[in-house]
Amino acid sequence: MEVLDLRTSRDLQYVRNTEALMRGLDARLRAAADSQRSLNTKSFQELKDKMRELLPLLPVLDQYKSDTRMIVHLKEEVRNLSGSLLAIREEMGAYDYEELQRRVLLLEARLHACVQKLGCGKLTGVSNPITIRASGSRFGSWMTDTMTPSADSRVWYMDGYYKGRRVLEFRTLNDFITGQNFVQHLLPHPWAGTGHVVFNGSLYYNKYQSNVAVKYHFRSRSVLVQRSLPGAGYNNTFPYSWGGFSDIDFMVDESGLWAVYTTNQNAGNIVVSRVDPQTLEVLRSWDTGYPKRSAGEAFIICGTLYVTNSHLAGAKIYFAYYTNTSSYEYTDIPFHNQYSHISMLDYNPRERVLYTWNNGHQVIYNVTLFHVIKTSGEL
C-alpha cells in the first residue's frame, strides 16, 4: 500500500479540487433538468470550462489504477517468494550448499526488485532532528551498515576529520547510546574528511592526503582494495563549505555505492559517480554544475543528489540533481540545523533516515518520500 500513500501533494490537491467541481456540475445539471429547459449558450460554455478544469484529474486516476495493478503484482510476487522459500526448506537435503546459496541469492534479487519498486520516491520533507548522543569532537561521522539485515544494528563511530585511524564498532544502537560493548578497528591508512560509509560489511573512505578510495573489510580487518578516483581533488582543494578535508564523500542509496567530489576539469562543480563496490572503479559520472564549495553537505536518495546550501544554522535543502534524467532543479526543503554546525550528512536506505554529525552531536532525521506521478510530461 506504500505506493498509493506516496502521492505528491499536487495530485492530492487535484482530487480535492475536483470533488468541489463535480458537485457544482451536478447542481447545474439538476437545475437544468428541473426547469425542463435547454441550457443557453452562456451556461453551456460555463460547463465546458468546468470540464476543462477536470482534465488534469484523468492522468492522476490512471496512475492510481496503474499503481493498484502493480501492488497486486507485487503481492503475487511475495506469495511466490514465500512458496519458493518453503520449497527450499523442504528440500534442504536434496541440494548441496552451492545450489542452495544460488537459490537464496536469486530470491534476494527478486525481493530487492520488489522493494525498489515500492521504495523510491522524491524527497518532499525532512523531520525535526532526533538527538541520539552527544559525544566526541566538533567533527566526525557515525553510521550503520546500509545493506545488512535489520537484525544487525551495529553502529560505527569515527571521531575527527583527518589523520584518524580508530573506528569503534558498537554491538547495538543502545550500546552506542550508553558507550558500552564496542570493539576497536585500527585502520592501516588514516582517513580524510567525514564522508565515510559502511556498505555490506566494509568501510569505504578517502585515504589521507590522496584521492585514493579505500575498502576496509571489518571481519577480516584488512584492506580489500584501494583505487584512485581519476582527477578528484583532495587535501582541501574542493571541500564542502565547512572545509575539513571533505573533498571526497562516499554515499549509498537504494541502487548501490556513489562518490561525490570534484575536479579541476569541471571547474570545482560537484561530480556524482557510480562506483563498483568490489573494484572501486568509476562506472559513470555526472557533472551537476553546482559549485562544491557553496554546498554545506549532500546526500543521495534513489539516484537523486540533494545538496544543502549551508552547514550552519538556517540551512535548507536547496538543490537536487537527478541522475536518471541528467537534470536538476532548485528546491526549498526546510532543514532544522539544531546545533549549528553539520560536518557529516548521509542517507541510509535500509532505515530511510539521515545520519548527521552536528557539532559533537549524533543526530538522525526521518525523511518523507513521495512517488512521482507524471502529468502532461512533467514531474
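Shown above is the structure to which this text applies.
Predicted, not measured: the structure shown is a model, and the values here were computed from it.

Just to check I follow, could you spell out the overall build of the chain for this structure?
Per the secondary structure count, the chain includes six helices and 21 strands. By the burial criterion, 46% of the 379 residues in the chain qualify as buried. When contacts within the chain are restricted to residue pairs at least 6 apart in sequence, those whose partners lie at least 24 apart make up 54%. With an accessible surface of roughly 19,000 Å², the chain has 53% of that area assigned to carbon and sulfur atoms.

Mind showing me how you'd approach the pattern of salt bridges here?
Where charged atoms from two side chains of opposite charge approach closely, those side chains can pair. Here the structure, examined in full by the defined rule, presents six salt bridges. Notably, a salt bridge pairs Arg-154 with Asp-152, separated by 2.9 Å at the nearest N-O pair. Here Arg-350 and Glu-351 are joined by a salt bridge, their closest N and O atoms 2.9 Å apart.

Can you walk me through the side chain of Thr-304 in this structure?
Within the secondary structure layout, Thr-304 lies in strand E16 (residues 304-308). The exposure class of Thr-304 is buried, given its relative accessible area of 7%. With near-sequence residues (within four places) excluded, Thr-304 lies in contact with Phe-299, Ala-320, Tyr-321 and Tyr-322.

Just checking my understanding: could you explain the sheet that holds strand E14 (residues 282-291) for this structure?
Within a sheet, each strand pairs with its neighbour through backbone hydrogen bonds, oriented either parallel or antiparallel. One open sheet accounts for four strands, arranged E11-E12-E13-E14; its pairing is antiparallel. With partners counted over all chains shown, the strands left at the sheet margins are strand E11 (249-253) and E14, one partner each. Across this sheet, the average inter-strand angle for adjacent strands is 25 degrees, counted without regard to direction. The pairing of strand E13 (residues 269-275) with E14 spans six bridges and is antiparallel. Along E14, the bridge assignment pairs Val-271 with Asp-287.

Please explain the sheet that holds strand E6 (residues 182-186) as it appears in this structure.
Spatially, E3-E4-E5-E6 is the arrangement adopted by the four strands of the open sheet, whose pairing is antiparallel. The sheet is open, and its two edges are formed by strand E3 (140-143) and E6, each paired on a single side. The mean inter-strand angle of the sheet, taken between neighbouring strand axes irrespective of direction, is 20 degrees. Across three bridges, the pairing between strand E4 (residues 155-159) and strand E5 (residues 166-170) is antiparallel. Its bridge partner lying in E5, Val-155 is registered against Phe-170.

Please explain the nonpolar core as it appears in this structure.
Side chains of nonpolar character tend, in soluble globular proteins, to be buried together. Residues Leu-123, Val-126, Phe-299, Ile-317, Phe-335 and Leu-354 are the most contacted members of the largest nonpolar core, which totals 18 residues. Contributions of two or more residues to this core are made by strand E1 (122-126), strand E15 (298-301), strand E17 (316-322), strand E19 (342-348) and strand E21 (361-370). Among the elements that take part in this core, E21 stands out by supplying four residues, more than any other.

Would you mind going over the pairing of E15 with me for this structure?
Working note: regular strand, side chains alternate between the two faces of the sheet. The side-chain alternation of E15 yields two buried faces, one formed by Ala-298 and Ile-300 and the other by Phe-299 and Ile-301. Inspection of the sheet shows E15 paired to E16 by four bridges, in the antiparallel sense. Directly across from Ile-300, in E16, lies its bridge partner Leu-305. In textbook terms, the turn of a hairpin is the stretch between consecutive antiparallel strands, and for E15 and E16 this stretch comprises two residues, one of which, Cys-302, has a positive phi near 55 degrees.

Is there a simple way to think about the packing of aromatic side chains in this case?
For any pair of aromatic rings, the description consists of the separation of the ring centres together with the inter-plane angle of the planes. Going through the model one piece at a time under the given rule, you end up with 26 aromatic pairs. Ring centres of Tyr-157 and Phe-170 lie 6.4 Å apart, and the angle between their planes is 90 degrees; this geometry places the pair in the edge-to-face category. Of this pair, Tyr-157 sits in strand E4 while Phe-170 sits in strand E5, placing them 13 residues apart in sequence. A ring pair is formed by Phe-199 and Tyr-204, whose centres lie 6.3 Å apart and whose planes are at 50 degrees; its orientation type is tilted.

Any chance you could explain the environment of Leu-224 here in plain terms?
In this fold, Leu-224 is placed in strand E10 (residues 222-228). Residue Leu-224 is classed as partly exposed on the basis of its relative accessible area, which comes to 47%. On a C-alpha basis, the gap between Leu-224 and Ser-202 in space is 8.9 Å, while along the polypeptide they are 22 residues apart. The contacts of Leu-224, once residues within four sequence positions are left out, are Ser-202, Lys-215 and His-217.

Any chance you could explain the state of the cysteines here in plain terms?
When the sulfur atoms of two cysteines share a covalent bond, that bond is a disulfide. Under the definition given, this model contains one disulfide. The disulfide partner of Cys-120 is Cys-302, and the gap between their sulfur atoms is 2.4 Å. Where Cys-120 bonds to Cys-302 through sulfur, the torsion about that S-S bond is close to -105 degrees, and the disulfide is left-handed. Here the residue Cys-120 occupies a position in the loop between helix H5 (97-119) and E1, and Cys-302 occupies one in the loop between E15 and E16, the gap between them amounting to 182 residues.

Is there a simple way to think about the environment of Ile-132 in this case?
Positionally, Ile-132 belongs in strand E2 (residues 130-134). For the pair Ile-132 and Phe-176, spaced 44 residues apart in sequence, the C-alpha to C-alpha distance is 8.9 Å. Residues contacting Ile-132, with those up to four places away along its chain left out, are Trp-142, Leu-173, Phe-176, Ile-177, Gln-362, Val-363 and Ile-364.

I would appreciate a short explanation of the side chain of Thr-194 in the present structure.
The topology assignment puts Thr-194 in strand E7 (residues 191-199). The class for Thr-194 is buried, based on a relative accessible area of 3%. For Thr-194, the side chain forms a polar contact with the main-chain oxygen of Ser-343, separated by 2.4 Å.

Parameters and conventions
Residues numbered from 1 in each chain as written. Predicted model: local features only at pLDDT ≥ 70, side-chain atom pairs only at ≥ 80, totals over all residues. Heavy atoms only, no water. Helix = DSSP H or I, 4+ residues; strand = E, 2+ residues; numbered from the N terminus. Buried < 20%, exposed > 50% of the residue type's maximum accessible area, 1.4 Å probe, protein only. Contact = heavy atoms within 4.5 Å. Areas by Shrake-Rupley, 256 points an atom, 1.4 Å probe, with all protein chains shown as cover. Salt bridge = Lys/Arg side-chain N within 4 Å of Asp/Glu carboxyl O. Pairing = 2+ DSSP bridges. Axes fitted to C-alpha atoms, helices over the stretch in contact; angles between N-to-C directions. Core = buried A, V, L, I, M, F, W, Y, C linked by side-chain atoms within 4.5 Å. Phe/Tyr/Trp six-rings, centres within 6.5 Å; stacked < 30°, edge-to-face > 60°. Disulfide = S-S within 2.5 Å. Polar contact = N/O pair within 3.5 Å; in protein donor to acceptor, adjacent residues only side chain to side chain.

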